[in-house]
Amino acid sequence: MTLGRAALALVLVTGSAPAFAQTGEITVWSWNVAASSLESTIEGFNAQYPDVTVTVQDLGNQQVFDRTLAGCAAGGAELPDVLSIENHEAEIFWAQFPDCFTNLKELGYTEEIAAGFPDFKRVELEVGDVAYAMPWDSGPVVMFYRRDFYEKAGVDPEEIKTWDDFIEAGKAVAEANPGVVMTRADFNGDTEWFRMLANEQGCGYFSSDGSEITVNQPACVAALETVKKMYDAGIITAADWDEKIQANTAGTVASQLYGGWYEGTIRSTSPDLAGKWGVYRMPSVTEDGPRAANLGGSSLAIPNNSDNKEAAWAFVNYALGTNEGQVTMLREYGLVPSLLSALDDPYVKEPLPYWGDQAVWVDILGTLDQVVPSRGTPFFGDADGIMNAVQSQYLNDGFDSAQAAADDAANQIALVTGLPIAE
């Protein structure tokens, strides 16, 4: 029987840790805003565990990845007590160095606690009976939009159900707001839009068990075709991360499709636009199609070489397994909880002035349990690099169809990985 959210929250807070004496010092590796978010939980953690000293080191994303690989290759040498791992890269570590990480089930990560997270966050972190890491933040995808630009064009976001609706709305917004484009995408360096739309349609580079290549299946083809329809319609133009932020602040873009963590990016980089932004659910390929996806998200793992696994687990479970820890990070830095019971926290339901008094976290977190799991596998980097090049070629009319482009990507991924292409 599935526990209700209230019961889960009680289990997570009071019944999750084994009876160890949590004392001593632990070190945590993370990066950027994620590191700052973890630091924000230390005060609350120390209120419960005053004898544990937590030091969070901000090494940068690439440094954490590189040093973790190097440390595991050296038998766990010089690794910290806790480290951050991005979900889509997680299986690279488990596949190459399964003995480098502690099975969290041995420390108190029960099935009851794990059930408090959506399946899509667990699929890449658990292998058989082993839980290598605990889910942290997630990236439920929504459309961030400029209320004033839409209103001037007479566009009601609640009426945008499909991507065809979005295209028509984009044309109206551009016509009513000279110099404004409907949305932007990093077509030169990322597959973000394709991955978001493919995940929405229940497809990814690989099958759910990671055994086959599925990038050329109908749902993925529909996602790729939809991206090109928007590109050809002129409602979506290329821009990298920094250019998107500049467009937000300059008022030259009307919408941004991203994981919910982008809330903090908009709010912190465009503070003068308070009240002008809002959020609505991502459209779908068909009117009655799915409207939920995920982009981004991380986890916390405990290396096997830690000298203080009990204290490390106590910190991990407080930061990620309690509403208090997760909502602290949400409130301070916009880190989106994966913990389903966090939906019941009063802060989540608060109208936020920056967002025109919209309770945006209700809308963002409300799609968490609808996201279809997507496997990164140890080959994510190879597949994504191939798809990035194929996408660029397809957008510039290098293929006769989306199917032809997806087939080419599948064949290239098969050559690199040795995996079969799904029938």
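Residues numbered from 1 in each chain as written. Predicted model: local features only at pLDDT ≥ 70, side-chain atom pairs only at ≥ 80, totals over all residues. Heavy atoms only, no water.

Caption draft 1: Expanded view of the overall build of the protein chain. Within the protein chain one finds 18 helices and 11 strands. Taken over the C-alpha trace, the protein chain has a radius of gyration of 22 Å; the compact-globule value for 423 residues is 22 Å, and the two agree within 12%. The C-alpha extent of the protein chain, read off along each of the three principal axes, is 65 × 50 × 40 Å. In the protein chain, which comprises 423 residues, the share counted as buried stands at 57%. (Helix = DSSP H or I, 4+ residues; strand = E, 2+ residues; numbered from the N terminus. Rg over C-alpha atoms; globule rule 2.2 N^0.38 Å. Buried < 20%, exposed > 50% of the residue type's maximum accessible area, 1.4 Å probe, protein only.)

Caption draft 2: Structural context of the state of the cysteines. The tally for this structure, following the rule as stated, stands at 2 disulfides. Linked covalently through their sulfurs, cysteine 72 and cysteine 100 form a disulfide whose S-S length is 2.2 Å. Judged by the sign of its S-S torsion, about -85°, the cystine formed by cysteine 72 and cysteine 100 is left-handed. One end of the pair, cysteine 72, is in helix 4 (residues 61–73); the other, cysteine 100, is in the loop between helix 5 (87–96) and helix 6 (111–114), with 28 residues separating them in the sequence. Both residues of the pair, cysteine 72 and cysteine 100, count as buried. Cysteine 203 shares a disulfide with cysteine 220; S-S distance 2.0 Å. Between cysteine 203 and cysteine 220, the disulfide has an S-S torsion of -105° and is therefore left-handed. Here cysteine 220 lies in helix 11 (residues 218–233) and cysteine 203 lies in the loop between helix 10 (192–200) and helix 11, a separation of 17 residues in the sequence. Cysteine pairing for the protein chain, with bonded cysteines counted in sequence order: 1-2, 3-4. (Disulfide = S-S within 2.5 Å.)

Caption draft 3: Spatial organisation of the packing of helix 14 (residues 309–321) against helix 15 (residues 323–333). Between helix 14 and helix 15, the shortest axis-to-axis distance is 5 Å and the interhelical angle comes to 65°. Across from Tyr318, Ala319, Leu320 and Gly321 in helix 14, the residues of helix 15 making contact are Asn323, Glu324, Gly325, Gln326 and Met329. (Axes fitted to C-alpha atoms, helices over the stretch in contact; angles between N-to-C directions. Contact = heavy atoms within 4.5 Å.)

Caption draft 4: The arrangement of the nonpolar core in detail. In this structure, Tyr150, Phe166, Trp193 and Leu197 are the most contacted members of the largest nonpolar core, which totals 84 residues. Every residue in contact with tyrosine 150, bar those within four places of it in the chain, is listed here: Tyr145, Val155, Pro157, Ile160, Phe166, Val173, Met182, Ala254, Ser255 and Tyr280. Counting residues in each nonpolar core, the second largest holds 54 residues, with Leu79, Val82, Leu83 and Trp136 among its members. (Core = buried A, V, L, I, M, F, W, Y, C linked by side-chain atoms within 4.5 Å.)

Caption draft 5: Spatial organisation of the packing of aromatic side chains. Under the definition given, this model contains 26 aromatic pairs. Aromatic pair tryptophan 241 and tyrosine 262: ring centres 5.6 Å apart, planes at 80°, arrangement edge-to-face. Of this pair, tryptophan 241 sits in helix 12 (residues 241–250) while tyrosine 262 sits in helix 13 (residues 262–269), placing them 21 residues apart in sequence. The exposure class of tryptophan 241 is partly exposed, given its relative accessible area of 35%. Its guanidinium or amino end placed over the ring of phenylalanine 149, arginine 146 lies 4.1 Å from that ring's centre, counting from NZ or CZ. Taking NZ or CZ as reference, lysine 228 lies 5.5 Å from the ring centre of tyrosine 394, over its face. (Phe/Tyr/Trp six-rings, centres within 6.5 Å; stacked < 30°, edge-to-face > 60°. Lys NZ or Arg CZ within 6 Å of the ring centre and 35° of its normal.)

Caption draft 6: Representation of the side chain of threonine 183 within the structure. Its location among the elements puts threonine 183 in strand 7 (residues 183–185). Residue threonine 183 is classed as buried on the basis of its relative accessible area of 0%. The residues touching threonine 183, leaving out its near neighbours within four places in the chain, are Phe166, Trp193, Ile235, Ile236, Thr237, Val253, Ser255, Gln256 and Leu257.

Caption draft 7: Region of interest: the confidence of the model for the protein chain. Residue-level pLDDT values for the protein chain average 92, and 95% of them are 70 or greater. Confidence over residues 1–19 falls short of pLDDT 50; this stretch has 33 contacts with residues more than four positions distant or in other chains. (pLDDT = per-residue confidence, 0-100.)

Caption draft 8: Representation of a negative patch on the surface within the structure. A surface patch of like charges, here negative, comprises Asp156, Glu158, Glu159 and Asp363. Along the polypeptide, glutamate 159 turns up in the loop between helix 8 (147–152) and helix 9 (163–176). When its relative accessible area of 57% is taken as the criterion, glutamate 159 is described as exposed. (Patch = residues over 30% accessible without salt bridge, like charges linked within 9 Å, V, L, I, M, F, W, Y side chains within 5 Å. Areas by Shrake-Rupley, 256 points an atom, 1.4 Å probe, with all protein chains shown as cover. Salt bridge = Lys/Arg side-chain N within 4 Å of Asp/Glu carboxyl O. Lys, Arg positive; Asp, Glu negative; His and termini not counted. Charge placed at Lys NZ, Arg CZ, Asp CG, Glu CD.)

Caption draft 9: Summary view of the pairing of strand 9 (residues 255–259). Among the 5 residues of strand 9, 5 are classified as buried, and the element is accordingly described as predominantly covered. Bridge count between strand 6 (residues 133–146) and strand 9: 5 bridges; the pairing is antiparallel. In the strand pairing of strand 9, valine 142 is matched with tyrosine 258. (Pairing = 2+ DSSP bridges.)

Caption draft 10: The arrangement of helix 10 in detail. Counting buried positions along helix 10 gives 8 out of 9 residues, so the element sits mostly inside the fold. Listed as buried for helix 10 are Glu192, Trp193, Phe194, Met196, Leu197, Ala198, Asn199 and Glu200. Looking one or two residues beyond helix 10, the residue adopting positive phi is glycine 202, at roughly 85°.

Caption draft 11: Examining helix 2 (residues 32–40) more closely. Inspection of helix 2 places Ala34, Ala35, Ser37 and Leu38 among the buried residues, and these make up the whole buried set. Down the axis, helix 2 shows its buried residues gathered within 160° of arc, on one side only. (Arc of directions from axis to C-beta.)

Caption draft 12: View of unusual backbone geometry. You will see that asparagine 32, though not glycine, has its phi angle at about 45°, which is positive. With respect to the helices, strands and loops of the structure, asparagine 32 is situated in helix 2.

Caption draft 13: Representation of the environment of tryptophan 31 within the structure. Within the secondary structure, tryptophan 31 is located in the loop between strand 1 (24–30) and helix 2. Sequence spacing of tryptophan 31 and cysteine 203 is 172 residues, and the spatial spacing of their C-alpha atoms is 29 Å. What tryptophan 31 contacts, discounting residues up to four positions off in sequence, is Asp58, Gly60, Asn61, Val64, Ser84, Ile85, Glu86 and Ser298.

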